[in-house]
Amino acid sequence: MFNLFLLQALNGVQFGILLFLVAAGLTLIFGIMDMINLAHGVLYMVGAYFAAAFTALTGDFLLGLAIALPAALLFGLVLEFLIFRHLYERDHLDQVLATFGLILILNEGVKILWGAAPMSVPIPDILSGSIPLIGPLRYPFYRVVIIAAGLATAVGLWLLVNHTRVGMLLRAGAVNAPMVSALGVDIRRLFMLVFGFGAMLAGFAGAMVAPILSVEPGMGDGILILTFVVIVIGGVGSVRGAFVAAILVGLVDTLGRTFGPIVLRSLMDPSAASQTGQTLAPMLIYILMAAVLFFRPSGLFPAKGAAA
Amino acid sequence: MSAGESKIALGGKTARTTPDLARDRRRGIVDGRGAALAAVLLLLALSLLPPIALLIGDPFLVVTATRIMIFAIAALSLDLVLGYGAMVSFGHAAFLGLGAYSVAILLANGTSDILIQTLVAILASALFALVTGAISLRTKGVYFIMITLAFGQMAYFFMVSLSAYGGDDGMTLAARSTLLGLPVLNSDLTLFYLTLGVLALAFVGLRAVIFSRFGRVLRGTRQNPVRMQAIGFQPFAYQLTAYVIAGALAGVAGVLLANQAEFVSPAYMSWQRSGELIVMVVLGGMGTLVGAIGGAIAFLLLEDWLAKFSEHWKLGLGVLLVCLVLFTRGGIAGGIERLFRRAPS
């Protein structure tokens with residue numbers, strides 16, 4: 001039982017880290033630009049496709065990843081230049097419509113370019129295999145790499161946001177963007193930077209999971225909704241909130257699916273328990289979100305304080 | 001604070017201090033008699049469709065039109081929330097699905113009467129709207145959009161995991177609903193006129209709601225929630241009521257949808273569906289009611305038309321959406337309006 005718990009907890013953390021990578025950029029886009037971007041999930045998908053394509057091209061996953069990252073950054077900057085920069089000042093409904101349209105375009109675009117069939121990326125040899133945990137328990141090495149890479153990114157982001165001049169501007173922008181602009185900062189360049197960087201982080205998340213998930217059109221849609229839940233729980237504009245909420249959502253979702261039925265079995269008969277557990281488990285994170293919102297309508301770590 | 005007010009002076013552009021004026025300009029015909037006249041003409045034209053279909057020998061036209069009208073009902077209900085309440089709800093398809101599943105689940109348990117099914121559908125969707133609306137309306141702006149989207153997904157995943165009722169694959173209905181024991185809905189023609197009747201009733205009912213005292217307060221809240229509060233109204237109660245009414249009506253549309261397709265599936269409540277409903281409302285013009293009907297007709301016909309060209313028709317739809325938003329300042333409806341205004345000269 002404990003072994004299962006440990007494995008599932010690790011899976012939950014790994015899932016949470018992934019959510020964090022996607023959510024970190026998006027929460028800044030929401031917070032600083034007061035903009036709703038539905039198309040962030042497809043950037044994750046594009047990252048995965050870039051990784052798959054460049055890995056196939058170079059024959060090496062690490063090399064493919066190294067090319068996929070700047071490619072995702074460039075892709076984000078191009079999107080910002082072509083579409084997003086014209087949306088910042090529009091109302092939320094226009095942003096919803098345009099980014100919804102963008103989802104349709106990119107989902108269909110990858111289908112045209114790479115076909116509707118899922119692509120698979122082999123785990124590179126040096127990252128395959130498993131490492132021992134306790135006793136006979138082993139855990140896939142690649143998942144450990146994902147956790148480590150995600151944590152390293154989180155630390156890097158923390159340093160960037162809290163200890164650099166750009167980070168200071170980001171935090172100030174999340175609190176009051178017009179004021180930052182009034183103080184003479186080129187806020188449009190800051191927006192562009194945030195957007196490109198956010199796209200790269202989402203692309204990085206997509207590239208990292210390419211070897212363990214199937215790369216297919218629409219893979220970003222599910223993750224987008226979960227990212228929204230993370231951002232709502234963590235508080236719009238807060239990278240710290242996104243981290244805490246992402247790990248929380250990852251753990252609750254993964255552990256709920258495994259242990260929900262087990263816990264229920266002690267309360268009711270087994271077949272009803274597994275039925276109820278299966279039905280309730282996918283809803284757990286939404287119930288968590290509703291509960292957080294009920295007590296703290298602007299999330300756990302609101303960037304704008306009480307005003308938002 | 002509304003979303004519009006907080007967006008001030010980016011990169012030297014002038015502040016948008018009067019967002020409500022800008023927002024109202026995009027409503028083609030706000031409350032005028034023109035809207036009612038247009039709707040009456042539209043409904044009359046629809047009522048003449050079956051004989052025409054018979055004449056030109058295309059019975060499938062009636063089926064297509066029924067489907068379009070069902071989505072028009074759902075779009076109408078969303079217009080109350082989106083157009084009059086200024087709440088960008090991104091989970092409206094959930095109510096459509098709840099209505100459809102009310103039919104399927106009751107039918108599987110031996111209740112086939114459409115009156116009971118509709119009652120259950122209304123209660124289920126109204127309850128879901130009440131609970132999720134009460135939580136969502138504690139927030140505003142981007143939060144509200146994300147939360148309604150998340151609740152919609154919650155309902156979606158609930159149906160996906162209901163393996164007793166088809167789960168992910170959905171389930172085919174054994175038969176259409178009955179009315180007082182009679183299988184009258186088995187005829188596509190009866191279903192067509194029933195749907196048309198519901199659509200007309202929904203339009204008249206919503207119009208009555210909008211012109212009532214309640215509707216005026218709701219519209220006032222859209223324009224300036226702070227001022228409404230200052231003169232003694234609680235926007236929350238009015239917005240929540242509108243949200244519940246809209247949810248219940250969309251549930252009714254779901255009952256019709258299940259009967260029309262004789263099939264229910266979680267796909268009815270996917271978030272793409274919710275997005276399409278928003279597109280329908282905006283395409284036709286928000287806050288006009290008749291616009292929602294027109295938008296549903298236009299969107300579904302456009303979808304059919306694009307699908308004829310290529311299997312990648314969604315690409316075209318996406319490009320169209322992005323271009324409409326980018327190149328028609330003041331939204332899609334505003335752009336179309338300008339297009340029409342420019343045309344005669």
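The rules behind each value
Residues numbered from 1 in each chain as written. Chains lettered and ligands numbered in written order. Predicted model: local features only at pLDDT ≥ 70, side-chain atom pairs only at ≥ 80, totals over all residues. Heavy atoms only, no water. UniProt positions renumbered as here; feature names shortened; annotations may be inferred. Helix = DSSP H or I, 4+ residues; strand = E, 2+ residues; numbered from the N terminus. Contact = heavy atoms within 4.5 Å. Areas by Shrake-Rupley, 256 points an atom, 1.4 Å probe, with all protein chains shown as cover. Rg over C-alpha atoms; globule rule 2.2 N^0.38 Å. Buried < 20%, exposed > 50% of the residue type's maximum accessible area, 1.4 Å probe, protein only. Lys, Arg positive; Asp, Glu negative; His and termini not counted. Charge placed at Lys NZ, Arg CZ, Asp CG, Glu CD. Buried area = accessible area lost by both parts, 1.4 Å probe. Salt bridge = Lys/Arg side-chain N within 4 Å of Asp/Glu carboxyl O. Nonpolar A, V, L, I, M, F, W, Y, C, P; charged D, E, K, R; others polar. Core = buried A, V, L, I, M, F, W, Y, C linked by side-chain atoms within 4.5 Å. Domains from an automatic or database assignment. Phe/Tyr/Trp six-rings, centres within 6.5 Å; stacked < 30°, edge-to-face > 60°. Patch = residues over 30% accessible without salt bridge, like charges linked within 9 Å, V, L, I, M, F, W, Y side chains within 5 Å. Axes fitted to C-alpha atoms, helices over the stretch in contact; angles between N-to-C directions. Parallel < 35°, antiparallel > 145°, perpendicular 65-115°, else oblique. Left-handed = near helix turned anticlockwise from the far one by under 90°.

- Chain B carries the name Branched-chain amino acid ABC transporter permease in an unreviewed UniProt entry, which gives Jiella mangrovi as its organism.
- What UniProt records for chain B under Subcellular location (unreviewed entry) is the sentence "Cell membrane".

- As annotated in an unreviewed UniProt entry, chain A carries the name Branched-chain amino acid ABC transporter permease and is attributed to Jiella mangrovi.
- Regarding chain A, the UniProt comment filed under Sequence similarities (unreviewed entry) reads as follows: "Belongs to the binding-protein-dependent transport system permease family. LivHM subfamily."

### Quick notes on the overall build of chain B
Part 1 of the reasoning: Scanning chain B from terminus to terminus reveals 16 helices and two strands.
Part 2 of the reasoning: The long-range fraction of contacts in chain B, counting pairs at least 24 apart against all pairs at least 6 apart in sequence, stands at 77%.
Part 3 of the reasoning: Total accessible area on chain B stands at roughly 14,500 Å², and carbon and sulfur atoms take up 68% of it.

### Regarding the overall build of chain A
Part 1 of the reasoning: Per the secondary structure count, chain A includes eleven helices and two strands.
Part 2 of the reasoning: When the helices and strands of chain A are placed in sequence order, the string is α-α-α-α-β-β-α-α-α-α-α-α-α.
Part 3 of the reasoning: Over its C-alpha trace chain A gives a radius of gyration of 20 Å, about what one expects of a compact globule, namely 19 Å for 308 residues.
Part 4 of the reasoning: Counting only C-alpha atoms, chain A reaches 60 × 50 × 35 Å along its principal axes.
Part 5 of the reasoning: Residues counted as buried form 56% of the 308 residues belonging to chain A.
Part 6 of the reasoning: Pairs at least 24 apart in sequence give 79% of the contacts found in chain A among residues at least 6 apart.
Part 7 of the reasoning: Between the centroid of the 14 positive side chains of chain A and the centroid of its 13 negative side chains there is a distance of 9 Å.

### Regarding the interface of chain B and chain A
Many authors give the size of an interface as the accessible area that is lost as the parts come together.
Part 1 of the reasoning: Contacts between chain B and chain A engage 54 residues on the former and 56 residues on the latter.
Part 2 of the reasoning: Of the roughly 5,100 Å² buried between chain B and chain A on both sides combined, carbon and sulfur atoms contribute 73%.
Part 3 of the reasoning: Counting across the interface, chain B meets chain A through zero salt bridges.
Part 4 of the reasoning: Broken down by secondary-structure element, the contributors of at least two residues to the side of chain B that touches chain A are helix 1 (3-6), helix 8 (141-160), helix 13 (271-284), helix 15 (313-327) and helix 16 (331-342) of chain B.
Part 5 of the reasoning: A breakdown of the residues in the side of chain B that touches chain A according to their chemical character gives 32 nonpolar, twelve polar and ten charged.

### Observations regarding the nonpolar core
Part 1 of the reasoning: Leu38(A) and Phe84(A) are the most contacted members of the largest nonpolar core, which totals 218 residues.
Part 2 of the reasoning: Residues lining this core come from more than one domain, with at least three contributed by each of domain 1 (29-309) and domain 2 (313-345) of chain B.
Part 3 of the reasoning: When sequence neighbours within four positions are dropped, the list of residues in contact with Leu38(A) reads Val96(A), Thr99(A), Phe100(A), Ile103(A), Leu224(A), Phe228(A), Phe90(B) and Leu149(B).

### With respect to the domain arrangement of chain B
Residue and element names in this part refer to chain B.
Part 1 of the reasoning: Domain annotation of chain B identifies domain 1 (29-309) and domain 2 (313-345).
Part 2 of the reasoning: The C-alpha-based centres of domain 1 and domain 2 are spaced at 24 Å.
Part 3 of the reasoning: Across the domain 1 to domain 2 interface the summed buried area is about 780 Å²; carbon plus sulfur atoms make up 85%.
Part 4 of the reasoning: Inspection of the domain 1/domain 2 interface yields zero salt bridges.

### A look at the pattern of salt bridges
Opposite charge on two side chains allows them to pair when their charged atoms are near.
Part 1 of the reasoning: Counting across every chain of the model gives eight salt bridges over all chains.
Part 2 of the reasoning: The salt bridge involving Asp253(A) is made with Arg257(A); its shortest N-O contact spans 3.3 Å. Linking Asp253(A) with Arg257(A), this pair stays in helix 9 (residues 239-265), spanning four residues, or about one helical turn.
Part 3 of the reasoning: The class of Asp253(A) is buried, set by a relative accessible area of 7%.
Part 4 of the reasoning: Salt-bridge contacts for Arg176(B) lead to Glu262(B); the nearest nitrogen and oxygen are separated by 3.2 Å. Taken together, the residues span a long stretch of sequence, with Arg176(B) in the loop between strand 1 (171-172) and helix 9 (188-211) and Glu262(B) in the loop between helix 12 (235-261) and strand 2 (263-264) at a distance of 86 residues.
Part 5 of the reasoning: Judged by relative accessible area, Glu262(B) falls into the partly exposed class, the value being 32%.
Part 6 of the reasoning: One continuous salt-bridge network, built from bridges that share partners, spans Arg176(B), Asp188(B) and Glu262(B).

### A look at the packing of aromatic side chains
Aromatic ring pairs are reported here in terms of the distance separating the ring centres and the angle at which the planes meet.
Part 1 of the reasoning: For the structure on display, the rule yields 20 aromatic pairs over all chains.
Part 2 of the reasoning: Each ring, one from Phe84(A) and one from Phe195(A), has its centre 4.3 Å from the other, and the planes form 40°; the classification is tilted. Of this pair, Phe84(A) sits in the loop between helix 3 (61-82) and helix 4 (92-114) while Phe195(A) sits in helix 7 (residues 187-209); the two residues are 111 residues apart in sequence, bridging distant segments of the chain. When sorted by exposure, Phe84(A) lands in the same class as Phe195(A), which is buried.
Part 3 of the reasoning: The structure contains a cluster of three or more aromatic residues connected by ring pairs, namely Phe95(B), Phe128(B), Phe144(B) and Tyr243(B).

### Describing a nonpolar patch on the surface
All names here are of chain B.
Part 1 of the reasoning: Judged by side-chain polarity, Leu-115, Leu-179, Leu-180, Leu-182 and Val-184 come together as a nonpolar surface patch covering roughly 460 Å² of accessible area.
Part 2 of the reasoning: Inspection of the secondary structure assignment puts Leu-180 in the loop between strand 1 and helix 9.
Part 3 of the reasoning: On the basis of relative accessibility, which here comes to 66%, the residue Leu-180 falls in the exposed class.

### Details of the UniProt feature "transmembrane region" (unreviewed entry) in chain A
Residues and elements named next belong to chain A.
Part 1 of the reasoning: The feature "transmembrane region" (unreviewed entry), as annotated in UniProt, sits at residues 12-31, 38-57, 63-84, 96-121, 141-161, 191-213, 225-252 and 272-295 in this numbering.
Part 2 of the reasoning: Secondary structure over residues 96-121 splits into 73% helix and 0% strand, and the C-alpha atoms at its two ends are 33 Å apart.
Part 3 of the reasoning: Here residues 141-161 is 100% helix and 0% strand, with 30 Å between the C-alpha atoms at its ends.

### What to know about the packing of helix 6 (residues 93-108) of chain B against helix 7 (residues 114-136) of chain B
Residues and elements named next belong to chain B.
Part 1 of the reasoning: One can describe the packing of helix 6 onto helix 7 by two numbers: an axis separation of 9 Å at closest approach and a directional angle of 140°. Comparing their axes, helix 7 and helix 6 come out oblique. Crossing of helix 6 against helix 7: the hand is right-handed. Every residue of helix 7 that contacts helix 6 at Ala-94, Phe-95, Leu-98, Gly-99, Ser-102, Val-103, Leu-106 and Leu-107 is listed here: Ile-116, Gln-117, Val-120, Ala-121, Ala-124, Ser-125, Phe-128 and Ala-129.
Part 2 of the reasoning: Classifying every residue of the contact of helix 6 with helix 7 by side-chain character gives twelve nonpolar, four polar and no charged.

### Remarks on unusual backbone geometry
Glycine aside, residues mostly have negative phi angles, and peptide bonds mostly take the trans form.
Residues and elements named next belong to chain B.
Part 1 of the reasoning: Positive phi outside glycine occurs at Ala-86, with the angle close to 55°.
Part 2 of the reasoning: With respect to the secondary-structure elements, Ala-86 resides in the loop between helix 5 (60-84) and helix 6.
Part 3 of the reasoning: If you check the backbone angles, Leu-289 has positive phi at about 60° while not being a glycine.
Part 4 of the reasoning: Along the chain, the position of Leu-289 falls in the loop between helix 13 and helix 14 (290-309).

### Digging into the environment of Leu257(B)
Residues and elements named next belong to chain B.
Part 1 of the reasoning: Summarising the element assignment, Leu-257 is placed in helix 12.
Part 2 of the reasoning: For Leu-257 and Gly-97, which are 160 residues apart along the polypeptide, the C-alpha to C-alpha distance reads 8.9 Å.
Part 3 of the reasoning: Setting aside residues no more than four positions away along its own chain, Leu-257 makes contact with Ile-70, Phe-71, Leu-96 and Tyr-268.

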